[in-house]
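# Tertiary structure, described
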Amino acid sequence: MTSHFFSGGRIVAVASALVFLAGCTTFSKDGGFNTVSTTASERLGKDAVLVKTDEERDAVAKRTQELLSRPLSMDDAVQIALLNNRGLQASYGELGISEADLVQAGRLPNPGFSFSRTHGGNDLSINRTFTLGLLNVLTLPLATRIESRRFEQTKLLAADAMLKVAADARRAYVNAVAAEQAAAYAAQVKDSAEAGAELALRMQQAGNFSKLDYAREQAFYADAVAQLAKMRQQSVSAREKLTRTMGLWGAGTQYTLPDRLPDLPKTRPELNDLESFAMQNRLDIQAAKLQTQSVASSLGLSKATRFINALDVGYQNNFTTSDGHEQGYEISVEIPVFNWGGSKVARAGAIYMQSVNRVAETAINARSEVRESYSAYVTDYDVAKHYRDEVVPIRKTISDELLLRYNGMLASVFELLSDSRDQVGAVNSYIDALKDYWLAETDLQQAVGGRLPPLAVASAPSAPTTQPASSTDSEGK
């Protein structure tokens, strides 16, 4: 230990500078939530809230009740989920944790103080030492930058979690409405099948119907009863999933869904350069890139502290009866005799390469998800349009012609019943096709970052433009 003396004025100056540094990092007013709320507004046109007080909870309850007072739309379901989903609210807690880490990183370490009083013969010795971790002070700016990047990363991840809940709400809404629509149609089919079975029974008793035809009508009725029970259970399950996603309970679960899904759009827009759009807009890619930058900064910190693992500076004020007061300072340095820090640097380097590869993996997977979801989006639209414009109108034409023949006594009632059975498959297939389209659109929105790019109905190819993936592109840049 080396001891030097210095003036009290210099100590005051150093202490004042340290106090100034300690006050540089403070908590923000919004707690980092502005990124989430801005993303919700710009990409979804919805409000995202962080509920922390009773007043905010009451405001959310009032807004939710207003939305539930009318038949629920898809946009209403998304908004209710953003207001009430407790899992989403829990994920927002990461913002507070990360900001607390940032503020802590910007604060000076607590100083230490030691005091000793000893007797030796006629001598009295009093030692007073004030210590401060000098290494923590020197690395304070770098540590603050690292935690600042992590806080920014947490903001992006929180916003991404919000977008995922919105997408889950859309999917749950589509499935719930489609399930109720299918159950309602199954009830109509069951009633029709019951009427046909009753008529077949009377005809068979009168001797005007064969045993085979009677069995067909009874089989169709029995199958319709089973299908109705199945559809109703699927409707209950889909509705409960929507209820969970929206975070509703009690009286809030008594909401009303529309009778049918939204109509298929008249045209399907051609979307260009979706992969590039996703690379710029996906928040998980931006968060992964920030993670890599943070790890790189940590690697630099590891190199800087490779040979000095502990460094403390202290101010001494000693007193002995023989020598009077003694003032000075001491510096303690850990000597790297056995541990030269090589493993520490190697570990940081491995973590950095791991982070780089994960960024590349995220970007590659995102590109694949965009291509896959766009293909499903195009196909499901075309299939639903085919049912809407071709299959269903043809089935209606057949039904109208059979009804005309029946009115002209050219077709029997059982031909009408047979035709109604044929219509069941076509209608159910159209409901499924329409449901698949809305689900595919939701998946595509999520794949490109929560919203579709501006529509471009130009002479674009029927698939997104795929750019050659360079090493830079593979990292999402």
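Definitions and cut-offs
- Residues numbered from 1 in each chain as written.
- Predicted model: local features only at pLDDT ≥ 70, side-chain atom pairs only at ≥ 80, totals over all residues.
- Heavy atoms only, no water.
- Helix = DSSP H or I, 4+ residues; strand = E, 2+ residues; numbered from the N terminus.
- Buried < 20%, exposed > 50% of the residue type's maximum accessible area, 1.4 Å probe, protein only.
- Areas by Shrake-Rupley, 256 points an atom, 1.4 Å probe, with all protein chains shown as cover.
- Axes fitted to C-alpha atoms, helices over the stretch in contact; angles between N-to-C directions.
- Parallel < 35°, antiparallel > 145°, perpendicular 65-115°, else oblique.
- Nonpolar A, V, L, I, M, F, W, Y, C, P; charged D, E, K, R; others polar.
- Left-handed = near helix turned anticlockwise from the far one by under 90°.
- Contact = heavy atoms within 4.5 Å.
- 1 Å grid on protein atoms, 1.4 Å probe; cavity = no way out; pocket = protein on both sides within 12 Å on 5 of 7 lines; lining within 4 Å.
- Points joined across faces, edges and corners; volume = space filled by probe spheres on them.
- Phe/Tyr/Trp six-rings, centres within 6.5 Å; stacked < 30°, edge-to-face > 60°.
- Lys NZ or Arg CZ within 6 Å of the ring centre and 35° of its normal.
- Arc of directions from axis to C-beta.
- Core = buried A, V, L, I, M, F, W, Y, C linked by side-chain atoms within 4.5 Å.
- Domains from an automatic or database assignment.
- pLDDT = per-residue confidence, 0-100.
- Salt bridge = Lys/Arg side-chain N within 4 Å of Asp/Glu carboxyl O.
- Patch = residues over 30% accessible without salt bridge, like charges linked within 9 Å, V, L, I, M, F, W, Y side chains within 5 Å.

Under an unreviewed UniProt entry, the name given to the protein is RND transporter, and the organism recorded is Paraburkholderia lacunae.

### Quick word on the overall build of the protein
A count of helices and strands for the protein gives 12 helices and four strands. Per-residue burial for the protein yields a buried fraction of 40% across its 477 residues. On the protein, roughly 26,100 Å² of surface is accessible, and the fraction owed to carbon and sulfur atoms is 55%.

### Focus: the packing of helix 5 (residues 86–105) against helix 7 (residues 140–205)
Packed helix pairs are characterised by how far apart their axes lie and by the angle those axes make with each other. It is at 8 Å that the axes of helix 5 and helix 7 come closest, and there the two elements cross at 170°. The angle between helix 5 and helix 7 places the two elements in the roughly antiparallel class. For the contact of helix 5 with helix 7, the residue count by class is 12 nonpolar, five polar and six charged.

### Considerations on the packing of helix 4 (residues 74–84) against helix 7
Closest axis-to-axis distance for the helix 4/helix 7 pair is 9 Å, and the angle between their directions is 135°. It follows from the interaxial angle that helix 4 and helix 7 lie oblique. Between helix 4 and helix 7 lies a crossing of right-handed hand. Note on element contacts: helix 7 touches helix 4 through Met-162, Val-165, Ala-166, Ala-169, Arg-170, Tyr-173 and Val-174, opposite Met-74, Ala-77, Val-78, Ala-81 and Leu-82. Along the lines of polarity and charge, the residues of the contact of helix 4 with helix 7 split into 11 nonpolar, no polar and one charged.

### Details of empty space enclosed by the protein
According to the stated counting rule, one finds one cavity of 30 Å³ or more in the structure shown. Of the pockets and cavities examined, the largest cavity occupies roughly 80 Å³. Around the largest cavity, the lining residues are Leu-44, Leu-163, Ala-166, Ala-167, Arg-170, Thr-442, Gln-445, Gln-446 and Gly-450. At the level of elements, helix 7 and helix 12 (413–447) are the ones that each hand at least two residues to the lining of the largest cavity. The greatest single-element share of the lining of the largest cavity, amounting to four residues, is contributed by helix 7.

### A look at the packing of aromatic side chains
Throughout the structure, instances matching the rule amount to five aromatic pairs. Here a set of aromatic residues connected by ring pairs shows up, and it is made of Tyr-374, Tyr-377, Tyr-381, Tyr-437 and Trp-438. The ring centre of Tyr-255 lies 4.0 Å from the NZ or CZ of Arg-239, which sits over that ring.

### A look at helix 2 (residues 34–44)
Taken together, the buried positions of helix 2 are Val-36, Thr-39, Ala-40 and Arg-43. Down the axis of helix 2, the smallest arc covering the buried residues is 100°, so these residues share one side. Just downstream of helix 2, Gly-45 is the residue with a positive phi angle, here 70°.

### Here's the deal with the side chain of Ser-355
Within the secondary structure layout, Ser-355 lies in helix 11 (residues 342–407). The residues contacting Ser-355, other than those within four sequence positions of it, are Gln-291, Thr-292 and Val-295.

### Quick word on unusual backbone geometry
Its identity is not glycine, yet Asp-273 carries a phi of approximately 50°, on the positive side. Note that Asp-273 resides in the loop between helix 8 (211–246) and helix 9 (274–281). Its relative accessible area of 34% is what places Asp-273 among the partly exposed residues.

### Here's the deal with the nonpolar core
Core analysis: the largest hydrophobic core is formed by 46 residues, its most contacted members being Leu-72, Tyr-173, Leu-242, Met-246, Tyr-255, Leu-257 and Tyr-377. Those elements giving two or more residues to this core turn out to be helix 3 (54–68), helix 4, helix 7, helix 8, helix 9, helix 11 and helix 12. Looking at which element gives the most residues to this core, the answer is helix 12, with 10 residues. Residues from two domains meet in this core; each of domain 1 (20–110 + 139–250) and domain 2 (263–306 + 341–452) gives at least three. Those residues in contact with Tyr-173 that lie beyond four places of it in its chain are Leu-72, Ser-73, Met-74, Ala-77, Leu-242, Leu-257 and Pro-258. Core analysis: the second largest hydrophobic core is formed by 21 residues, Tyr-92, Ala-158, Ala-159 and Leu-290 among them.

### Some words on the environment of Ser-237
Among the structural elements, Ser-237 can be located in helix 8. On a C-alpha basis, the gap between Ser-237 and Ala-176 in space is 8.1 Å, while along the polypeptide they are 61 residues apart.

### Observations regarding the confidence of the model for the protein
Averaged over all residues, the pLDDT of the protein is 79; the fraction at 70 or higher stands at 76%. Per-element confidence in the protein is highest for helix 4, whose mean pLDDT is 96, and lowest for helix 1 (residues 8–22), whose mean pLDDT is 50. Note on residues 1–8: pLDDT under 50 across the span, and 17 contacts to partners over four residues away in sequence or across chains. Between residues 456–477, whose pLDDT stays under 50, and residues either more than four places distant or in other chains, the model counts 41 contacts.

### A short note on the pattern of salt bridges
One pass over the structure, following the stated rule, counts 21 salt bridges. A salt bridge links Asp-75 to Lys-46, with the nearest nitrogen and oxygen atoms 3.6 Å apart. Of this pair, Asp-75 sits in helix 4 while Lys-46 is found in the loop between helix 2 and helix 3, placing the two residues 29 residues apart along the sequence. Assessed through its relative accessible area of 43%, Asp-75 is described here as partly exposed. Notably, a salt bridge pairs Glu-441 with Arg-170, separated by 3.0 Å at the nearest N-O pair. Here the residue Glu-441 occupies a position in helix 12, and Arg-170 occupies one in helix 7, the gap between them amounting to 271 residues.

### Remarks on a nonpolar patch on the surface
The grouping of Phe-113, Phe-115 and Phe-130 at the surface amounts to a nonpolar patch, some 350 Å² of accessible area in total. Locating Phe-113 in the fold gives a position in strand 1 (residues 112–120). A relative accessible area of 57% means that Phe-113 is categorised as exposed.

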